[in-house]
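As a plain string of letters, each chain reads:
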Amino acid sequence: MTDGRLAAAAWCGTGGPDFTQRPAHRLWLLDQARGLFDFFLPALNAAGGFFALDKAGQPFEGPAGRLRHLHETTRMVHCYTMAHQLGLPGADRMIDHGMQFLWNGHRDAAHGGYVWSLDDDGPVNATKQAYGHAFVLLAASSAKVAGHPDADRLLGDITETLHARFWDAAAGATTEEYAQDWAPISGYRGQNSNMHLTEALMAAFEATGDRDYLDMAGRIASLIIDRHARAEGWRVAEHFDDQWQLDRAYRGDPMFRPFGTTPGHALEWSRLLVQLWQLGGQQQDWLHEAAQALFMHTCATGWDKAAGGFYYTLDWDDRPEQADRFWWPCAEGIAAAAVLRQVSGDAAFEEWYRRIWGFVAQHFIDRASGGWFPELDPALRPVNRVFQGKPDLYHSVQACLIPLVPANGSVTRGLRDGGLRDGGLGLLA
């Protein structure tokens, strides 16, 4: 007799129409997205920006609740742009609130750029991080799609900052980190910031039609994926020196710079490569090839075949380094499986789509308090080792919405250009 957990992890109810073709599943996705948007509404901080939320979805007390990080402010703007496009009342207030705080709070009027974190008294960490600046570009691009009156101002400022301070034209990628006055902090080069800059550059291209953004995204993908990930057998290397030589021994912040490889990033790249391939007119077939190879290799090595879920990190022999399961790799796996199924027709991606959603529905969705648990231990119990409370809307809500729009661009573009795929809920007619 098979173990129940093994059976649950291995079987995903194959057969019949794709889930995204079924009206009930599409309604379920929209319900999940609406629930997440509602859950994060209390994050609005009247003093500017957004609170961090506890497990119940209420603002944290004390310093932890008052600290605002750049990537969190920007992601809220991006996410509530999607809520606004869906027609959810109150989303416009969240966008406007975040846009004001980006310009009047995070923006460094004296030195230029955007500080990493601040509280009610001013900057706490005033460094200038490529990761955070990538999300400023994403927020500005999304706000432009929504028609926000300050979007062009923010888009122009962040584009100038990226070119003047971060972009390494010789390498075709971004540099990483600077002090408040733009003195270099280190020669570290990171995959993560470049991946998110790729996402943001494609969003900027969608919002403006300026092909320079798309060309920059293509150069990053060529470096990180076609050069390095291909050479590593479709493992996405994370850490490099200033000459873009791989640093296998690097071990940094467990949230942003963990040791080894991170399966979730390979899944995220898989989705982004499909988008880049589509936006480029399907001219570079290596993008589609790499997207599929990254996804299948990651599922073969990063998914726990017994209990389910993606390990957070692997060592260079594909053994679990950090065996806890985070929510966001599953969210990225769902999104990647959905777009790959659309563009390839391969039933394997539908199987993975169902399998990953099954795991999320059983283990990550907090049906008692709302939102998603951020971490599970190897026994699949919720824990808080790296993250506290309910830290994210961005990954989880995109997992709900990406399957509902065409795979030829971002969610914001899909909603702008005609709404939900296949006529939205017209499938109920």
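Criteria and cut-off values
- Residues numbered from 1 in each chain as written.
- Predicted model: local features only at pLDDT ≥ 70, side-chain atom pairs only at ≥ 80, totals over all residues.
- Heavy atoms only, no water.
- Axes fitted to C-alpha atoms, helices over the stretch in contact; angles between N-to-C directions.
- Helix = DSSP H or I, 4+ residues; strand = E, 2+ residues; numbered from the N terminus.
- Left-handed = near helix turned anticlockwise from the far one by under 90°.
- Contact = heavy atoms within 4.5 Å.
- Nonpolar A, V, L, I, M, F, W, Y, C, P; charged D, E, K, R; others polar.
- Core = buried A, V, L, I, M, F, W, Y, C linked by side-chain atoms within 4.5 Å.
- Buried < 20%, exposed > 50% of the residue type's maximum accessible area, 1.4 Å probe, protein only.
- Expected span 1.5 Å × (residues − 1).
- Polar contact = N/O pair within 3.5 Å; in protein donor to acceptor, adjacent residues only side chain to side chain.
- Phe/Tyr/Trp six-rings, centres within 6.5 Å; stacked < 30°, edge-to-face > 60°.
- Pairing = 2+ DSSP bridges.

Visitor: Is there a simple way to explain the packing of helix α10 (residues 263–279) against helix α12 (residues 327–344) in this structure?
Guide: The relative placement of two packed helices comes down to the angle between their axes together with the axis-to-axis distance. Where α10 meets α12, the closest approach of the two axes is 8 Å, and the angle between their N-to-C directions is 35 degrees. Helix-helix and strand crossings are classified by hand; for α10 and α12 the assignment is left-handed. Residue-level contacts link Gly-264, His-265, Leu-267, Glu-268, Ser-270, Arg-271, Val-274, Trp-277 and Gln-278 of α10 to Trp-328, Pro-329, Glu-332, Gly-333, Ala-335, Ala-336, Val-339, Leu-340 and Val-343 of α12. When the residues that make up the contact of α10 with α12 are grouped by side-chain class, the tally is 10 nonpolar, five polar and three charged.

Visitor: I would appreciate a short explanation of the nonpolar core in the present structure.
Guide: General note: in soluble globular proteins, nonpolar side chains tend to be found buried as a group. Counting 130 residues, the largest nonpolar core has Phe-37, Tyr-80, Leu-137, Ile-225, Trp-269 and Trp-372 as the members making the most contacts within it. The leading source of residues in this core is α12, at 11 residues. In this structure, Leu-137 is in contact with Leu-155, Ile-158, Thr-159, Leu-162, Leu-197, Ala-200, Leu-201, Ala-204 and Tyr-213, ignoring residues within four places of it in sequence.

Visitor: How should helix α13 (residues 347–364) be read in this particular structure?
Guide: Residues three or four positions apart in an α-helix share a direction because the helix packs 3.6 residues into each turn. Given a rise of 1.5 Å per residue, 18 residues ought to cover 26 Å, and the 25 Å separating the end C-alpha atoms of α13 matches this to within 8%. Buried residues of α13: Phe-349, Glu-350, Trp-352, Tyr-353, Arg-354, Arg-355, Ile-356, Trp-357, Phe-359, Val-360, His-363 and Phe-364, and no others. The backbone nitrogen of Ala-348 lies 2.9 Å from a side-chain oxygen of the residue at the head of α13, namely Asp-346.

Visitor: Even after reading the chapter, I still don't get the packing of aromatic side chains, so can you show me in this structure?
Guide: Each pair of aromatic rings is reported with the distance of its centres and the angle of its planes. By the definition in use, this model includes 23 aromatic pairs. Judged by centre distance (4.9 Å) and plane angle (75 degrees), the ring pair of Trp-303 and Phe-310 falls under edge-to-face. Residue Trp-303 is classed as buried on the basis of its relative accessible area of 4%. Here Phe-310 falls in the buried class, since its relative accessible area comes to 1%. Here Trp-303 and Phe-359 contribute two aromatic rings whose centre-to-centre distance is 5.8 Å and whose plane-to-plane angle is 70 degrees, an arrangement assigned as edge-to-face. Pair noted here: Trp-303 is in the loop between α11 (285–302) and β10 (313–314) and Phe-359 is in helix α13, with a separation of 56 residues, a long-range link. Neither residue differs from the other here; Trp-303 and Phe-359 are each classed as buried. Each member of the aromatic cluster is reached from another via a ring pair, and the members are Trp-116, Tyr-131, Phe-135, Phe-256 and Tyr-394.

Visitor: Help me understand the sheet that holds strand β2 (residues 117–119), please; the structure alone is not making it clear to me.
Guide: In any sheet, the strands associate via hydrogen bonds between backbone groups, in a parallel or an antiparallel arrangement. Pairing in this open sheet of three strands is antiparallel, and the strands run β1-β2-β3 from one edge to the other. A single partner strand is all that each edge strand has here, and the edge strands are β1 (68–69) and β3 (122–125). Note that β1 and β2 share two bridges and pair antiparallel. By the bridge assignment, His-69 is partnered in β2 with Ser-117.

Visitor: Help me understand the environment of Ala-139 in this model?
Guide: Looking at the secondary structure, you find Ala-139 in helix α6 (residues 130–146). Classification of Ala-139 by relative accessible area gives buried; the value is 0%. Taking the C-alpha atoms as reference, Ala-139 lies 6.7 Å from Arg-75; in sequence the two are 64 residues apart. If we skip the residues at most four places from it in the chain, Ala-139 touches Thr-74, Val-77 and Leu-102.

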